[in-house]
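Structural overview for review
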Amino acid sequence: MSTPTRITHLIAGEAWSGTAERTSEVFNPATGEVTGVLDLASTDLVGEVVATARQAWEGWADTSLAKRTQVLFTFRELLERNKKEIAALITAEHGKVLDDALGEVTRGLEVAEFACGIPHLLRGGFSENASTNVDVYSMRQPLGVVAVISPFNFPAMVPMWFIPIAIACGNAVVLKPSEKDPSAAIAIAKLWSEAGLPAGVMNVVNGDKEAVDALLTHPDIKAVSFVGSTPIAHYVYDTGTAHGKRVQALGGAKNHMLVLPDADLDLAADAAVNSGFGSAGERCMAISALVAVEPIADELVEKIKDRMGKLRTGDGTKGCDMGPLVTRAHRDKVAGYVDAGLEQGATLVVDGRDDEFDGGADGFFLGPTLFDNVGRDMTIYQDEIFGPVLSVVRVQSYDEGLELINANPYGNGTAIFTNDGGAARRFQRQVEVGMVGVNVPIPVPVSYYSFGGWKNSLFGDTHAHGMEGVHFFTRGKVVTSRWLDPSHGGLNLGFPQNT
Ligand code: NAD
């Protein structure tokens, strides 16, 4: 067993040289080994980092769009060149298989590509002669120092949903990555310095609730982009807004896939397996409830079961289909849901608890698990399990399926599988969910659209990336301007009217 590496904060491009009062352990989930010891930031240290960022922000906000864009293009190239190393860091701390980790880095990179177009994205409007000799024009300006607080399940992509756009818009950033798998985000943060971003514009503090609270209450943090579980998202939204900040807090999910009787059942079975068990179900857009409109459920369950028999679970570096869960505690929690599903009367079609795994004996593994005849009152249906457990709920009609989805408190992603364009169109209009797939099980919008759910899956008005991201990280200003010519003058105390 090798000695765990120290993992620390990155402040103004430099690793922190102080001594932490508190630390936490980082694991390789495929072996169960402790591979890192992470410094946790105190409130005071967060204050120092915010002060560093605040100072750097002033120069960066005044930097021309041309120079900002050059940094973004260089950063994009560096990320492209380093993506395999970053993917390996993700697999080593999160556990997801290498291909999947590489896919996540690529989706993050696409946001950097979108941000490279910032001169165009920040262009304002201009109305000549809105009133006689009066011109009106609009601009968007940066906010200042913004915080990004991210979850464990996409350690590279989720920070990248926000950071390139925040920086492109002229803000400085303090990132607090998940304490479970911080190394990928730190590696990406180092690339910003290499790309020529001035020191202090991009910083990373590691930590837990203490660091999050320090960011949420610091007067110089102007906006917070948070992604994580619903209770914490709710807390972050309430606390951040109570302290005068702009907050977008993306929460948990329970994503349904509605399969109509006319669907291609092979396509639907492939999609259910890919989206239910990819990344061991630890995706906010994973399908966890498959809603089968009768009479197809028996046939569909059989097809899914066949496909599950071919999946290999193990160490993500060994070419397996599915890796371990992130921690032992999370693995045990998910296994507890399987016990509860059985106790509450669901039919356990495939039991992943006793699978054999191609990984370390102490890895946090749980095999793909399938339940049928799941009732809407069961905990496996009601809770976000965030593991490789797929529940089949049988319904008698499209209307019953739609009602089930709309009654769910979450509204992140959903999908319909059908060959009927009219039914798909009706679904996309009627369903109360922020991201909808038509024969696409994980409908994550591309970077130039915005990502975000409805209901308990997002607190705040603004979704991530795309134009909503640009708006979130800037504020608007409108200028009304008149250059006097000799014909203007005289006193008039009335409210200005356009003439
Ligand atoms: P989490 O809520 O435990 O942690 C998210 C962040 O909050 C981390 O940085 C963590 O350090 C911090 N945190 C944890 N406890 C805190 C507390 N008591 N006070 C303040 N901060 C705290 O989430 P997670 O387990 O890392 O990630 C999985 C969750 O994130 C799932 O619920 C998943 O659905 C959700 N998620 C949602 C989206 C989305 O787009 N809606 C995307 C990815 C993940």
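The rules behind the values
Residues numbered from 1 in each chain as written. Predicted model: local features only at pLDDT ≥ 70, side-chain atom pairs only at ≥ 80, totals over all residues. Heavy atoms only, no water. Core = buried A, V, L, I, M, F, W, Y, C linked by side-chain atoms within 4.5 Å. Buried < 20%, exposed > 50% of the residue type's maximum accessible area, 1.4 Å probe, protein only. Helix = DSSP H or I, 4+ residues; strand = E, 2+ residues; numbered from the N terminus. Domains from an automatic or database assignment. Contact = heavy atoms within 4.5 Å. Buried area = accessible area lost by both parts, 1.4 Å probe. Salt bridge = Lys/Arg side-chain N within 4 Å of Asp/Glu carboxyl O. Axes fitted to C-alpha atoms, helices over the stretch in contact; angles between N-to-C directions. Left-handed = near helix turned anticlockwise from the far one by under 90°. Nonpolar A, V, L, I, M, F, W, Y, C, P; charged D, E, K, R; others polar.

In a soluble, globular protein the nonpolar side chains are often hidden away together inside. Ranked by size, the top nonpolar core spans 97 residues in total, and within it Trp161 and Met202 carry the most contacts. Residue contributions to this core peak at 10 residues, all from helix H5 (residues 157–168). Counting the residues that make up this core, at least three belong to each of domain 1 (5–251 + 457–479) and domain 2 (255–438). Setting aside residues no more than four positions away along its own chain, Met202 makes contact with Ala12, Gly13, Ile163, Ile167, Val173, Leu175, Ala189, Trp192 and Leu197. In this structure, Leu290, Tyr337, Val395 and Ala424 belong to the second largest nonpolar core, which totals 58 residues.

Along its sequence, the protein is organised into domain 1 (5–251 + 457–479) and domain 2 (255–438). Each of domain 1 and domain 2 has a C-alpha centre, and these two points are 31 Å apart. At the junction of the two partners, domain 1 supplies 19 residues and domain 2 supplies 25 residues. Summed over both sides, the interface of domain 1 with domain 2 buries roughly 1,800 Å², with 63% coming from carbon and sulfur. Three residues stand out in domain 1 for area buried against domain 2, namely Ala30, Val97 and Ser457, and they jointly supply 27% of the buried area on that side. For the pair domain 1 and domain 2, the number of links is 1 salt bridge.

Two numbers describe how helix H7 (residues 209–217) lies on helix H8 (residues 230–242): the axes approach to 8 Å, and their chain directions differ by 35°. Seen from above, H7 lies across H8 with right-handed handedness. Counted together, Lys209, Val212, Asp213, Leu216 and Thr217 of H7 and Tyr235, Val236, Thr239 and Gly240 of H8 form the full contact between these two elements. Looking at the contact of H7 with H8 residue by residue, the classes come out as 4 nonpolar, 3 polar and 2 charged.

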